[in-house]
Amino acid sequence: MTDIITVNRDRLWRSLMDLAEIGAYDDERTGLRGVNRLALTDADAAGRRLVISWMEQAGLTVRIDKMGNIYGRRDGADPEARPVLTGSHIDSVATAGAFDGCLGVLGGIEVLRTLNERGITTRRPIEVAVFTEEEGVRFGTDMLGSAVAANRLTLDYAHALTDRDGATLGAELARTGFVGLAGERLDPPHAYVECHIEQGPVLAQAGVEIGVVTGVQGISWQEIIIHGRAAHAGTTPTELRADAGLAAAQIIVHLRAMVDSGSYDDLRATVGYLAVHPDLTNIVPARAELTVDLRNPDDTHMARAEQDLAAFLRTLEENGLSISTRRMAKTAYVPFDDTVQKVIARAADDHGLAHISLLSGAGHDAQEIAVLCPTAMIFVRGEYDGISHNPREYSTPEACAHGIDVLATTLLRLADQN
Ligand code: HGY
Ligand code: MN
Ligand code: MN
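Residues numbered from 1 in each chain as written. Chains lettered and ligands numbered in written order. Predicted model: local features only at pLDDT ≥ 70, side-chain atom pairs only at ≥ 80, totals over all residues. Heavy atoms only, no water.

On the protein side, the manganese ion (ligand 2) has H89 (NE2), D100 (OD) and H196 (NE2) as donor atoms, found 2.1 to 2.3 Å from it. Of note, the donors binding the manganese ion (ligand 2) are all from one chain and are spaced H-x10-D-x95-H. The manganese ion (ligand 3) is placed at 3.5 Å from the manganese ion (ligand 2), the two being bridged by D100. Note that H89 is positioned in the loop between β5 (84-88) and α3 (102-118) and H196 in strand β7 (residues 191-197), a separation of 107 residues in sequence. Assessed through its relative accessible area of 1%, H196 is described here as buried. (Donors = N, O, S within 2.8 Å, 3.2 Å for Na, K, Ca; no water. Helix = DSSP H or I, 4+ residues; strand = E, 2+ residues; numbered from the N terminus. Buried < 20%, exposed > 50% of the residue type's maximum accessible area, 1.4 Å probe, protein only.)

So, on to the domain arrangement of the chain. For the chain, the assigned domains read domain 1 (9-216 + 334-415) and domain 2 (219-331). Using C-alpha coordinates to define each centre, domain 1 is positioned 33 Å away from domain 2. The interface is formed by 15 residues belonging to domain 1 together with nine residues belonging to domain 2. Joining domain 1 to domain 2, the criterion identifies zero salt bridges. Our enumeration of links across domain 1 and domain 2 arrives at three residue pairs in polar contact (both at pLDDT 80 or more). (Domains from an automatic or database assignment. Contact = heavy atoms within 4.5 Å. Salt bridge = Lys/Arg side-chain N within 4 Å of Asp/Glu carboxyl O. Polar contact = N/O pair within 3.5 Å; in protein donor to acceptor, adjacent residues only side chain to side chain.)

What the second largest pocket holds in volume is close to 260 Å³. Contributing to the lining of the second largest pocket are 15 residues, with R33, A98, P391, E393 and Y394 lying nearest its centre. Elements with a minimum of two residues in the lining of the second largest pocket: α1 (9-20) and β2 (32-35). No other element matches the three residues that β2 contributes to the lining of the second largest pocket. Among the residues making up the lining of the second largest pocket, the classes are represented as 10 nonpolar, one polar and four charged. (1 Å grid on protein atoms, 1.4 Å probe; cavity = no way out; pocket = protein on both sides within 12 Å on 5 of 7 lines; lining within 4 Å. Points joined across faces, edges and corners; volume = space filled by probe spheres on them. Nonpolar A, V, L, I, M, F, W, Y, C, P; charged D, E, K, R; others polar.)

Most of β7 is tucked away, with seven of its seven residues classed as buried. Every second residue of β7 is oriented toward a common face, with A191, V193, C195 and I197 on one face and Y192, E194 and H196 on the other, all of them buried. Examined bridge by bridge, β5 and β7 share three bridges and lie parallel to one another. Residue pairing for β7: T86 is matched across the bridge by V193. Inspection of the sheet shows β7 paired to strand β18 (residues 375-380) by six bridges, in the parallel sense. (Pairing = 2+ DSSP bridges.)

The full count for this structure, using the stated rule, is one cavity of 30 Å³ or more. Computed from the structure, the largest cavity encloses a volume of approximately 40 Å³. As for the largest cavity, its lining consists of F99, I197, Q199, G382, E383, G386, I387, E393, Y394 and S395. Residue composition of the lining of the largest cavity, grouped by class: four nonpolar, four polar and two charged.

Along the chain, E127 falls in strand β6 (residues 126-130). The exposure class of E127 is buried, given its relative accessible area of 3%. A polar atom in the side chain of E127 sits 3.1 Å from the side chain of R63. Residues within four places of E127 in sequence aside, it is in contact with R63, Y71, G72, R73, P83, V84, L85 and T86.

Mapped onto the fold, W13 is located in helix α1. Between the C-alpha atoms of W13 and A230, which are 217 residues apart in sequence, the distance is 53 Å. For W13, the contacting residues outside a window of four places in its chain are F99, Y394, S395, T396, P397 and C400.

Quick look at the environment of T281 now. Within the secondary structure, T281 sits in the loop between β12 (274-277) and β13 (283-284). As for T281 and V51, which are separated by 230 residues in sequence, their C-alpha atoms are 47 Å apart.

Moving on to the nonpolar core. L16, V51, L103, L106 and V111 are the most contacted members of the largest nonpolar core, which totals 92 residues. Per element, the largest residue contribution to this core is 10 residues, and it comes from helix α12 (residues 397-415). In contact with L103, other than residues within four places in its own chain, are L12, L16, G108, C195, H196, I197, V380, C400 and I404. Membership of the second largest hydrophobic core comes to 23 residues, among which are I226, A247, Y264 and L294. (Core = buried A, V, L, I, M, F, W, Y, C linked by side-chain atoms within 4.5 Å.)

Residues in close proximity to ligand 1 include E134, E135, W221, R295, A362, G363 and H389, which together make up its full environment. Measuring from an oxygen atom of ligand 1, one finds a side-chain N or O atom of E135 at 3.1 Å. H389 places a side-chain nitrogen or oxygen 3.2 Å from an oxygen atom of ligand 1. Isolated, ligand 1 exposes 220 Å² of accessible area, and the fraction of that covered by the protein chains is 94%. Grouping the constituent residues of the shell around ligand 1 by class yields two nonpolar, two polar and three charged. (Near = heavy atom within 4 Å. Areas by Shrake-Rupley, 256 points an atom, 1.4 Å probe, with all protein chains shown as cover.)

Structure (structure tokens):
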């Protein structure tokens, strides 16, 4: 029996496009159909129900845990054997495309449909996971569902997280009907392989379709609140101001200076959220709220960058400003398993697909599951410089199918390991 199998490209593509219709919106900036399926919104719940129906149609046994993580299981010949796990997430950012996370979930289901059609029985069970709130953009901590599954974060911590309207994750799980009965701690699988779009330009620049992912860089998220003093924009002399808006701008400029200095290796810094209050033309901002997202492949450089920022905040706390910070998320650099990477690389070779190894710039559920079992990822090339978290996100039907072909062979080989 060959394990170099190819999946049904059109069925995979159709499932990606069908899921993308849930939470779809017309993005006036790009003129494209974007996807807005924030975790545990009605759109996410509808997407979850659709994916569960596809899992059930594929004959999978579906379970949901107390964190809302969904697992679809295809039994193997040895029911006692630890399963091979694949999957990703289907929650999205507010301006998403059709592929981020979804390719890994729908690709995993497509692999199992194909095994059914070929009458292939694996030694080990294979499971497809849908992890809750991977993006972290609604409740403020990323890779949340997989971090709870891997016991890095507690269920109570996760359930108590709130969105900007004060709704807790626990209440939203209950409201959408996704508080499952299964325990939230995942029993260690035999191995975990996640297929994901690259979300960057590296594969396209190398002229290859497949990436064998060596690990994930470190991530640091924090919220900064700057307290100044509201004052009349016309009558208040500059020297009497405690301008929270100015301080926010100084922080953004300082972060770029840190990056440009080259002192922190390959540091990336983003202020993605910024709000001033009372947010009116003729009032000096009394308060500014912003988030800082730092990424670095080196944990030592990351720690030094965080210290640099903290020191800069202290210098701003003169002339009447006060500044508070809150840690939102923090994950160290995570290396992936060499042997699983080799299985992926060989599968790509056997499918005649060129590949390169690369580090992931984005965070993924795989970095959490890596603490439980040998883990690695397959990247699929993106178009338009690999843009992502944007409706322009795009991978071709061929590239998606090739990535899932490599996933299929990789899963088959892992599922027949002793
Ligand atoms: O933020 C990230 O890197 C991922 O998209 N959650
Ligand atoms: Mn993702
Ligand atoms: Mn993402």
